[in-house]
Amino acid sequence: MNTLSKTPFRRNALTAAAGLVLAGASQFSTAATIGLMAPLSGPQAIVGQDQVDGFMLAVEQLGGKLGGQAATVLKEDDQLKPEIGSQIVRKFIDKDRVDAIVGLSFSNVLMASLPRIVESGTVAIATNAGPSPLAGAGCKANVFSAAWQNDGAAEAMGKLAQDKGLKKVYLMAPNYQAGKDMLAGFKRYFKGQVVDEVYTQVNQPDYSAELAQLQAAAPDAVFVFYPGGMGVNFIKQMSQAGLMAKVPLYSVFTVDGTTLPGLRDAAVGSISGAMWDAALDTPENKKFVADFERKYKRTPSAYAATAYDAANILNIALGKAKAGDAKALAVAVKAAGSEFKSVRGTFAFNNNNLPVQNYYAFEAVKSGGNVVGKLIATPLPKQSDAYHAQCALK
Amino acid sequence: MNGTIVFAQLLNGLQYGVLLFLLAAGLTLVFGIMSFVNLAHGSLYMMGAYFAATAFQYTGSFGLALLAAMLGSLLLGLALEFVAVARLYRRDHLDHVLATFGLVLFFNELVRIIWGPQPVFLQVPEFLGGAIPIAGFSYPAYRFAIIVVGLVVALGSWLLINKTRVGMLIRAGAVNPAMVAALGVNIRLLNAMLFAVGAMLAGLAGAMAGPILSVQSGMGESVLITTLVVIVIGGIGSVTGAFYAALIVGIVDTLGRAFLPFMLRQVTERSLADAAGPALASMLVYLLMAVVLAWRPQGLFPANR
């Protein structure tokens, strides 16, 4: 009994002592710990893998350091499940005591993880989401998105369709929140006639029924949002039905580095809205794409680009803020947004901590044996999102 | 809504049904005759697609890709039967589910390790690349090819089961395996062959679906669920039942997706129809299954016992 009651005390004492030593060390420490959370298993694993690889590439280019401090990057797989994501965030903050959290997965996982991040004040940079609640009245001083406001790319496609003078457009998306948001974003800038809005099942493999309806409607163009495997299925089948030549395809998050290996020629001629593509002709981007291809033997996607940018933002911010001061780091990150050289061209954090950036239109074209993006227009230059005015931050 | 579009949608339904049949034939035999629940059937379908994609990448020939998919999944089926499945026949269904679900996770991870997390590419063969115009509509030639292959397999399996000695043994083994074994037939070998042939058909389905779908890890799961619906509707263990049920499910699902949202718009306001239509269309085959189970629990076309 005696020994039993003693043991916990001794363990506590030891932990406390170790804590003291660690706390003492951290004041003079030259180490930065970053928690990177992304979906690394399941159908969207490639999205997470690109973020990890993009981030690690930047850290490697910076000599394994962020802001002059040796960087330790902890990687966790949220499996695209909100409950697992929020557990990981708690672990990062309470156990690992990270300086910043990066990645944060899809909107639903990000929103579930948000309460603990806000409570702790830890700096968080999302590299794959920018949900509207976080962009509007619910914006937070320590939560950033280095990716996009979710509607941005769809708005660019709507603007392009409007600029091109298209009269009748057909809209398609999977039947869930992001699908509805994308179509809403498109309609915010497109003022012509929407022939039909079709919502399909999430992860539906076969689109023959919907393609027959699309063919019968004979619109000027079709706008779709089909991320991942859904997009590969849809575009392959649309191309096989001989519709690519008849109905121009506009899309967002559908034709990108993650799906092109499965699409190849089927995607030729389609137009995508995005804030980044491997084709962007800036010195930073050329270096990023070349280094990424050399290291990982594949073309990076926008998810790799946002994570790469996030690492470079943190590099500047961590160099300025005093270690352990989360508030100062948040301020430094905000400032770093307009100081660092983004691979996507112009970039700054808006008052709501979401990007002010260009949204481009890329056409998929054949080049050599490959299918690559080609910049055809910049429908929304230096675009602020539609929600930033509702945010109380300065 | 005119005649041509209904016709085009019926063709779509037929094609989807035929593809489902390729999967359901193997699954229903293994389930009905060996009383073995095989959730890994979808993984064999996925492996078939990957085998085909890999063979196509190296040879450039779609015929060889199909052959590689069938041979590869046949051998994989044999290996699987020998290593895992044969030990499970006498255990109860829950053990089957547990073990084969484990296999699903295993195969999903395996393809990710070998082929990577990105979808791999498999294209429609050159000579089937075009679209055939029918009454003002263009219909992909490749989908006609799927219909033809499916019908040929259906005819072949009907002949095998009803007209050959092996088929007779299969049917006998389903009714009374102990008696068949007592008569000197190697029922163990028969089961292994049956499982392997089922795997081969799943591989063929995967290879045929490869050019229209995204070949990626986990592609077998969603189609497996629909296949289970098919064999329940058709009557477990009946290949004929699986054929008719696959066509019914294919056509009901396709027509539901195509026309239900529009029909709902006639009777209710647009926003409600847009929200309810797709949801209702996706439930349609399950509703059908529920009705069949309530009305004829043994399925629409049960195996003759």
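Residues numbered from 1 in each chain as written. Chains lettered and ligands numbered in written order. Predicted model: local features only at pLDDT ≥ 70, side-chain atom pairs only at ≥ 80, totals over all residues.

K.L.:
Honestly, the overall build of chain B in this entry has me stumped. Any pointers?
P.N.:
When helices and strands are tallied, chain B shows 11 helices and 2 strands. The order of helices and strands in chain B, counted from the N terminus, is α-α-α-α-β-β-α-α-α-α-α-α-α. Along the first, second and third principal axes, the C-alpha atoms of chain B reach 65 × 50 × 35 Å. With 305 residues in all, chain B has 50% of them scored as buried. (Helix = DSSP H or I, 4+ residues; strand = E, 2+ residues; numbered from the N terminus. Buried ≥ 20, exposed ≤ 12 C-beta atoms within 10 Å, placed from the backbone.)

K.L.:
Where do I start with the overall build of chain A in this structure?
P.N.:
The secondary structure content of chain A amounts to 13 helices and 14 strands. By the compact-globule yardstick of 21 Å for 394 residues, chain A fits well, its C-alpha radius of gyration being 22 Å. For chain A, the proportion of its 394 residues judged to be buried stands at 56%. Across chain A, contacts joining residues at least 24 apart in sequence account for 72% of those joining residues at least 6 apart. (Rg over C-alpha atoms; globule rule 2.2 N^0.38 Å. Contact = placed C-beta atoms within 7 Å.)

K.L.:
Just to check I follow, could you spell out helix H3 (residues 82-95) of chain A for this structure?
P.N.:
Side chains three or four residues apart in an α-helix point the same way, a direct result of the helix having 3.6 residues per turn. All names here are of chain A. Between its first and last C-alpha, H3 extends 19 Å over 14 residues, near the 20 Å set by a 1.5 Å rise per residue. Among the residues of H3, those classed as buried are Gly85, Ser86, Ile88, Val89, Phe92 and Ile93. Along the axis of H3, the buried positions cluster into a sector of 160°, meaning they face one direction only. Opposite the packed face of H3, turned more than 90 degrees from it, sit the exposed residues Glu83, Asp94 and Lys95. Directly beyond the C-terminal end of H3, a positive phi value near 50° is found at Arg97. (Expected span 1.5 Å × (residues − 1). Arc of directions from axis to C-beta.)

K.L.:
For this particular structure, what's the right way to read the domain arrangement of chain A?
P.N.:
Where the parts come together, the accessible area they lose is often given as the size of the interface. Residue and element names in this part refer to chain A. The domain architecture assigned to chain A consists of domain 1 (28-148 + 281-349) and domain 2 (152-274 + 360-383). Taking only C-alpha atoms, the centre of domain 1 and the centre of domain 2 are 28 Å apart. Every contact between the two is made by 12 residues of domain 1 and, on the other side, 10 residues of domain 2. For the side of domain 1 that touches domain 2, the leading source of residues is helix H2 (residues 45-61), giving 3 residues. (Domains from an automatic or database assignment.)

K.L.:
What should I look at first to understand the nonpolar core in this one?
P.N.:
What tends to happen in soluble globular proteins is that the nonpolar side chains get buried as a cluster. Of all hydrophobic cores here, the largest spans 222 residues; its most connected members are Phe55 and Ile125 of chain A together with Ala49, Ala52 and Ala246 of chain B. Ranked by the residues each element gives to this core, the list is headed by helix H1 (residues 3-33) of chain B, at 17 residues. Split by domain, the residues of this core number at least three in each of domain 1 (28-148 + 281-349) and domain 2 (152-274 + 360-383) of chain A. Apart from residues lying up to four places away in sequence, Ala49 of chain B is in contact with Leu122, Gly206, Ala207, Ala209, Gly210, Val215 and Met219 of chain B. (Core = buried A, V, L, I, M, F, W, Y, C linked by C-beta atoms within 7 Å.)

K.L.:
Looking at this model, I keep getting lost on unusual backbone geometry. Mind explaining?
P.N.:
Residues other than glycine predominantly adopt negative phi, and peptide bonds predominantly adopt the trans conformation. Residues and elements named next belong to chain A. Phi at Arg97 takes a positive value of approximately 50°, unusual for a residue other than glycine. Within the secondary structure, Arg97 sits in the loop between H3 and strand E4 (100-103). The class for Arg97 is partly exposed, based on 15 C-beta atoms found within 10 Å. Even without being glycine, Lys382 reaches a positive phi, approximately 40°. Classification of Lys382 by C-beta neighbours within 10 Å gives partly exposed; the count is 13.

K.L.:
Could you clarify how one ought to interpret the interface of chain B and chain A in this entry?
P.N.:
At the junction of the two partners, chain B supplies 33 residues and chain A supplies 32 residues. Every element with two or more residues in the side of chain B that touches chain A is listed here: H1, strand E2 (137-140), helix H9 (219-234), helix H10 (239-267) and helix H11 (270-295) of chain B. At 6 residues, the largest contribution of residues to the side of chain B that touches chain A is made by H1 of chain B.

K.L.:
Would you mind showing me how to read the pairing of E4 of chain A here?
P.N.:
Each regular strand displays side chains that alternate between the two surfaces of the sheet. Residues and elements named next belong to chain A. Inspection of the sheet shows strand E1 (residues 31-38) paired to E4 by 4 bridges, in the parallel sense. Paired with Ile34 across the bridge in E4 is Ala100. In this structure, E4 lies alongside strand E5 (residues 123-126), joined through 4 bridges in parallel fashion. From the neighbouring strand, Val102 faces E5, where its bridge partner is Ile125. For the crossover that starts at E4, traverses helix H4 (residues 107-120) and ends in the parallel E5, the hand is right-handed. (Pairing = 2+ DSSP bridges. Right-handed = clockwise from strand over helix to strand, strands pointing away.)

K.L.:
Can you walk me through the environment of Gly262 of chain A in this structure?
P.N.:
Mapped onto the secondary structure, Gly262 of chain A falls in helix H10 (residues 260-263). In this structure the C-alpha to C-alpha distance between Gly262 of chain A and Gly229 of chain A, which are 33 residues apart in sequence, comes to 8.7 Å.

K.L.:
Sorry if this is basic, but what is going on with the confidence of the model for chain A here?
P.N.:
Caution applies to low-pLDDT parts of the model: their predicted coordinates are not meant to be read in detail. Mean pLDDT over chain A works out to 89, with 92% of the residues at or above the 70 mark. Low pLDDT, under 50, characterises residues 1-11 of chain A; the stretch is placed with 0 contacts to residues that sit more than four places away or in other chains. (pLDDT = per-residue confidence, 0-100.)

K.L.:
Just checking my understanding: could you explain the sheet that holds E1 of chain A for this structure?
P.N.:
Within a sheet, each strand pairs with its neighbour through backbone hydrogen bonds, oriented either parallel or antiparallel. All names here are of chain A. Spatially, E2-E3-E1-E4-E5-E6 is the arrangement adopted by the 6 strands of the open sheet, whose pairing is mixed. Looking along the sheet, the strands with just one partner apiece sit at the ends: strand E2 (65-66) and strand E6 (143-145). Docked against the sheet, helix H13 (residues 326-339) engages E4, E5 and E6, running at close to 35° with respect to E5. (Axes fitted to C-alpha atoms, helices over the stretch in contact; angles between N-to-C directions.)

K.L.:
Just checking my understanding: could you explain the confidence of the model for chain B for this structure?
P.N.:
Per-residue pLDDT for chain B averages 88, and the proportion of residues at 70 or more is 99%. Confidence metrics for the complex model read pTM 0.83 and ipTM 0.79.

K.L.:
Even after reading the chapter, I still don't get the packing of H1 of chain B against H9 of chain B, so can you show me in this structure?
P.N.:
Packed helices, taken two at a time, are described by the angle between their axes plus the distance between the axes. Residue and element names in this part refer to chain B. Between H1 and H9, the least distance of the axes is 9 Å, while the angle of their chain directions is 65°. In this structure, the crossing between H1 and H9 has a hand that is right-handed. Facing H1, whose interface residues are Leu20, Leu23, Ala24, Leu27, Thr28 and Phe31, H9 presents Val223, Thr226, Thr227, Val230, Ile231 and Gly234. Tallied by class, the residues present in the contact of H1 with H9 amount to 8 nonpolar, 4 polar and no charged. (Left-handed = near helix turned anticlockwise from the far one by under 90°. Nonpolar A, V, L, I, M, F, W, Y, C, P; charged D, E, K, R; others polar.)

K.L.:
When you look at the packing of helix H12 (residues 302-320) of chain A against H13 of chain A in this model, what are you seeing that I'm missing?
P.N.:
Residues and elements named next belong to chain A. In the contact formed by H12 and H13, the axes pass within 8 Å of each other and the chain directions differ by 130°. Regarding the angle of H12 to H13, the classification is oblique. Crossing of H12 over H13 shows right-handed handedness. The segment H12 lies against H13, with Ile313, Ile316, Ala317 and Lys320 engaging Leu329, Ala332, Val333, Ala336, Gly337 and Glu339. Here the residues of the contact of H12 with H13 sort into 7 nonpolar, 1 polar and 2 charged. (Parallel < 35°, antiparallel > 145°, perpendicular 65-115°, else oblique.)

K.L.:
Please clarify how the pairing of E5 of chain A should be interpreted in this entry.
P.N.:
Residues and elements named next belong to chain A. Of the two faces of E5, the one holding Val123 and Ile125 and the one holding Ala124 and Ala126 are both buried throughout. Pairing of E5 with E6, which is carried by 3 bridges, proceeds in the parallel orientation. Bridging from a neighbouring strand, Ala126 pairs with Ser145 of E6.

K.L.:
Just checking my understanding: could you explain the environment of Tyr189 of chain A for this structure?
P.N.:
Residue and element names in this part refer to chain A. Residue placement: Tyr189 occurs in helix H7 (residues 177-189). Spatially, the C-alpha atoms of Tyr189 and Gly158 are 4.9 Å apart, while their sequence positions differ by 31 residues. In contact with Tyr189, other than residues within four places in its own chain, are Glu155, Gly158, Lys159 and Gln162.

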